[in-house]
Amino acid sequence: MSRTSAKMVAVLTAVLVMAGVLAGCGSSSNDIKIGLLNEMTGGNATMGTSSANGAKLAIKEANAKGGVLSKQIQAVVADNKSEPSEAANAMTKLATQDKVVAITGMFASSNAIAASSVAESAKVPFLAVGATNPKVTVDEKTNKVKDYTFRVCFIDPFQGTVGANFVLNTLKLKKAAMLVDSSSDYSKGLAAFFKDAFTKGGGEVLAEEAYLQKDQDFKTILTKVKALNVEVLYVPGYYEEVGKIVKQARELGITIPIIGGDGWDSPKLVEIGTAAALNNTYFTNHYSVDDTSEASKAFVEAYKKEYGQAPDAMAVLGYDAANVLIDAIKRANSTEPAKIREALAATKDFPTVTGSTTLNATHDAVKNAVIIEMKDGKQMYKATVKP
């Protein structure tokens with residue numbers, strides 16, 4: 001074979017391979033691309049995977065009904081690896097290379113804050129799923145609402161108050177200690193809001209101990225807490241560290257109630273902390289699978305059929321966020337990011353699994369919270385608290 005012929009064969013082969021790749025991915029230049037940016041690996045992987053699964057189910061259902069604006073929706077999945085710097089990098093790629101019209105996802109507030117800076121610069125709408133720190137939608141330096149960043153969940157001033165009031169009014173306990181992840185905006189913020197509400201309600205925080213994400217041994221700080229004879233321990237962290245903290249606390253003979261936030265919601269929590277150790281623990285959350293509304297029952301059934309397991313709160317919020325975003329594109333009657341942004345800002349009384357969704361002046365959703373009790377390794381619905 002001549003050198004020229006070899007080159008022609010190589011070019012033809014490359015063309016055929018590329019055609020096969022394009023055919024295999026099932027996308028079209030006419031598709032509407034939506035970015036799904038989540039913690040798919042790393043310390044918060046179960047939450048990011050659930051969020052992505054919920055969003056993909058919503059997109060699948062929408063496409064089965066004809067898509068949006070007579071086009072199919074293509075999900076472009078990206079992984080932030082549970083790290084703020086990776087969240088910013090992935091957001092940059094989605095906005096500049098993948099050319100998505102909008103992006104949804106993310107649970108960890110530190111990741112969402114980092115990603116939102118990129119979304120604002122690129123002027124691409126970003127709808128956070130479960131990031132609850134106020135700094136996600138409001139710029140910390142200017143105190144101004146970010147133009148292109150929104151969320152479908154409640155925020156930590158509400159969540160912290162719900163947790164504090166539950167301890168004071170239901171458990172009737174007034175002496176607390178807190179273990180706070182000093183590397184997490186979420187943990188630091190939620191702890192501050194809990195402390196504020198708790199002390200205003202007559203409670204007393206006797207100790208605040210710090211740890212870092214990925215720490216393994218918490219017995220030194222737990223030993224300090226034990227010596228104080230507090231009545232309750234507040235741990236607003238993520239499930240990886242929380243599981244270890246609870247297990248080690250019980251091993252040290254600390255039997256008091258341990259309370260936390262939505263960062264606890266993962267099947268890994270029981271695997272790490274053990275069912276027995278997690279008895280007498282509670283956490284605030286966005287949703288309970290025991291919700292008996294018709295919307296919830298329909299979603300749980302569809303999710304189980306699609307993925308072979310029951311959804312958690314992150315799956316529900318991922319589903320809700322994708323539907324809110326799809327509705328905004330419909331109302332915008334356009335795929336222009338600026339028009340989608342305007343439609344998102346005008347979202348009012350949109351029906352979602354977690355309840356009617358309205359995005360307020362700070363681009364946050366006003367939502368109920370639920371209290372979950374851990375009992376023999378199972379999540380048990382305790383109460384619903386309205387804003």
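Anything mentioned here points back to the structure above.
Analysis parameters
Residues numbered from 1 in each chain as written. Predicted model: local features only at pLDDT ≥ 70, side-chain atom pairs only at ≥ 80, totals over all residues. Heavy atoms only, no water. Helix = DSSP H or I, 4+ residues; strand = E, 2+ residues; numbered from the N terminus. Rg over C-alpha atoms; globule rule 2.2 N^0.38 Å. Buried < 20%, exposed > 50% of the residue type's maximum accessible area, 1.4 Å probe, protein only. Core = buried A, V, L, I, M, F, W, Y, C linked by side-chain atoms within 4.5 Å. Axes fitted to C-alpha atoms, helices over the stretch in contact; angles between N-to-C directions. Parallel < 35°, antiparallel > 145°, perpendicular 65-115°, else oblique. Left-handed = near helix turned anticlockwise from the far one by under 90°. Contact = heavy atoms within 4.5 Å. Nonpolar A, V, L, I, M, F, W, Y, C, P; charged D, E, K, R; others polar. Phe/Tyr/Trp six-rings, centres within 6.5 Å; stacked < 30°, edge-to-face > 60°. Lys NZ or Arg CZ within 6 Å of the ring centre and 35° of its normal.

Once that is clear, we can look at the overall build of the chain. The secondary structure content of the chain amounts to twelve helices and twelve strands. Expected size for 387 residues packed as a compact globule is a radius of gyration near 21 Å; at 22 Å, the chain falls within 12% of this value. Taken over the C-alpha atoms alone, the chain extends approximately 85 × 50 × 45 Å along its principal axes. Per-residue burial over the chain gives 52% buried out of 387 residues.

A few words now on the nonpolar core. One finds Leu-179, Leu-233, Val-235 and Phe-299 to be the most contacted residues of the largest nonpolar core, which totals 98 residues. It is helix H11 (residues 313-332) that contributes the most residues to this core, 14 residues altogether. Counting residues in hydrophobic clusters, the runner-up holds 22 residues, among them Leu-94, Ile-113, Ala-115 and Ala-128.

Look at helix H2 (residues 45-64) against H11: their axes get within 7 Å of each other, and the N-to-C directions meet at 40 degrees. In this view, H2 runs oblique relative to H11, as classed from their interaxial angle. For the crossing formed where H2 meets H11, the hand is right-handed. Contacts from Met-47, Ser-50, Ser-51, Gly-54, Ala-55, Leu-57, Ala-58, Ile-59, Glu-61 and Ala-62 in H2 reach Met-314, Ala-315, Gly-318, Tyr-319, Ala-322, Asn-323 and Ile-326 in H11. Tallied by class, the residues present in the contact of H2 with H11 amount to eleven nonpolar, five polar and one charged.

The next thing to look at is the packing of aromatic side chains. Two aromatic rings are characterised by how far apart their centres lie and by the angle between their planes. Taken as a whole and judged by the stated rule, the model has twelve aromatic pairs. Aromatic side chains Phe-107 and Tyr-238 sit 5.8 Å apart centroid to centroid with 65 degrees between the ring planes, which places their arrangement in the edge-to-face category. With Phe-107 in the loop between strand E3 (102-105) and helix H4 (109-122) and Tyr-238 in the loop between strand E8 (232-234) and helix H8 (239-251), this residue pair connects regions lying 131 residues apart in the sequence. Like Tyr-238, Phe-107 is buried. In this arrangement the basic side chain of Arg-341 is found over the ring face of Tyr-148, its NZ or CZ atom lying 6.0 Å from the centre.

A separate point is the packing of H2 against helix H10 (residues 294-307). One can describe the packing of H2 onto H10 by two numbers: an axis separation of 11 Å at closest approach and a directional angle of 100 degrees. Viewed along their axes, H2 and H10 adopt a mutual orientation that is roughly perpendicular. Seen from H2, the contacting residues are Ser-50, Asn-53, Gly-54, Lys-56, Leu-57, Lys-60 and Glu-61; seen from H10, they are Phe-299, Ala-302, Tyr-303, Glu-306 and Tyr-307. Taken together, the residues that form the contact of H2 with H10 break down as five nonpolar, three polar and four charged.

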